[in-house]
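The primary structure of each chain is shown beneath.
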Amino acid sequence: MAPNREDVAVRASRPRFMGMGHDGKGLRQKGAAMTGWMGIRVDPAHNRYRWYQVVIQPTLWGTWECWAFWGRIGQSPRGGKLLAHGPFDDVLHAAQRQRRRKERRGYAPLLGGYSKPLP
């Protein structure tokens with residue numbers, strides 16, 4: 001029997017790596033250690049249980065980076081890539097653009113866990 005969406009969301013909401021806090025509020029302001037967005041896509045008919053995460057974090061040199069990670073729900077990341085780096089506003093724009101792409105492809109935001117909605 002395939003797990004229902006609520007069960008999958010609960011398992012996906014547990015931090016597996018790069019924890020982002022549990023305050024449940026929107027995007028943290030500039031100067032925060034890390035922020036981002038996490039979405040899940042569940043399609044039992046095609047055995048598809050996926051998560052996708054966009055993370056914004058500062059670098060040691062005062063610039064910012066936007067990373068994307070993905071994988072199967074309940075498992076470690078299968079991949080990751082650097083989406084953008086540079087000033088905060090440019091990196092935030094890249095993160096928002098990636099979030100919109102994934103939402104158009106069927107990823108639903110994971111709220112109540114450690115997902116931070118991008119503005």
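Before reading on, note that the structure itself is shown above.
These remarks concern the structure in this document. The written sequence of each chain sets the order in which its residues are numbered from 1. Residues qualify for local features only when their pLDDT is at least 70, as the model is predicted, and side-chain atom pairs are given and counted only at 80 or more; totals for whole chains, interfaces and linings, by contrast, use all residues. By convention in this description, side-chain values take in all heavy atoms of the structure and omit both hydrogens and water.

Quick look at the nonpolar core now. We call a set of buried Ala, Val, Leu, Ile, Met, Phe, Trp, Tyr and Cys residues a nonpolar core when their side-chain atoms join them within 4.5 Å. Only protein chains enter the area calculation, which uses a 1.4 Å probe; residues under 20% of their type maximum are buried, those over 50% are exposed, and those in between are partly exposed. Judged by nonpolar contacts, the single largest core of 14 residues is most densely connected at Tyr52, Val54, Ile56 and Cys66. Those elements giving two or more residues to this core turn out to be strand E2 (48-58), strand E3 (64-72) and helix H2 (88-104). A run of H or I in DSSP counts as a helix once it spans at least four residues, and a run of E counts as a strand once it spans at least two, with each numbered from the N terminus. With five residues, the single largest contributor to this core is H2. Every residue in contact with cysteine 66, bar those within four places of it in the chain, is listed here: Val54, Val55, Lys81, Leu82, Leu83, Ala84, Val91 and Ala95. Judged by nonpolar contacts, the second largest core, of nine residues, contains Ile40, Val42, Trp51 and Phe69. Only heavy atoms matter for contacts: two residues are in contact if any of them lie within 4.5 Å across the pair.

Here the focus is the environment of glutamine 98. If you trace the backbone, glutamine 98 turns up in helix H2. Judged by relative accessible area, glutamine 98 falls into the buried class, the value being 6%. Glutamine 98 sits 15 residues away from leucine 83 along the chain, and the two C-alpha atoms are 8.5 Å apart. If near-sequence neighbours (up to four positions away) are discounted, glutamine 98 is found in contact with Tyr52, Val54 and Leu83.

This part takes up the sheet that holds E3. Reading across the sheet, the five strands line up as E4-E3-E2-E1-E5 and stay open at both edges, with antiparallel pairing between neighbours. Taken across any chain shown, the strands that pair with only one partner, and hence form the sheet edges, are strand E4 (79-86) and strand E5 (108-109). Note: E2 against E3, nine bridges, orientation antiparallel. In the strand pairing of E3, valine 55 is matched with tryptophan 67. Between the N-to-C directions of two axes lies an angle of 0 to 180 degrees, each axis being a line fitted to C-alpha atoms and, for a helix, fitted only over the stretch in contact. Against the sheet, H2 engages strand E1 (35-43), E2, E3, E4 and E5, with an angle of about 170 degrees to E2. Each pair of strands is called paired provided DSSP finds at least two bridges between the two strands.

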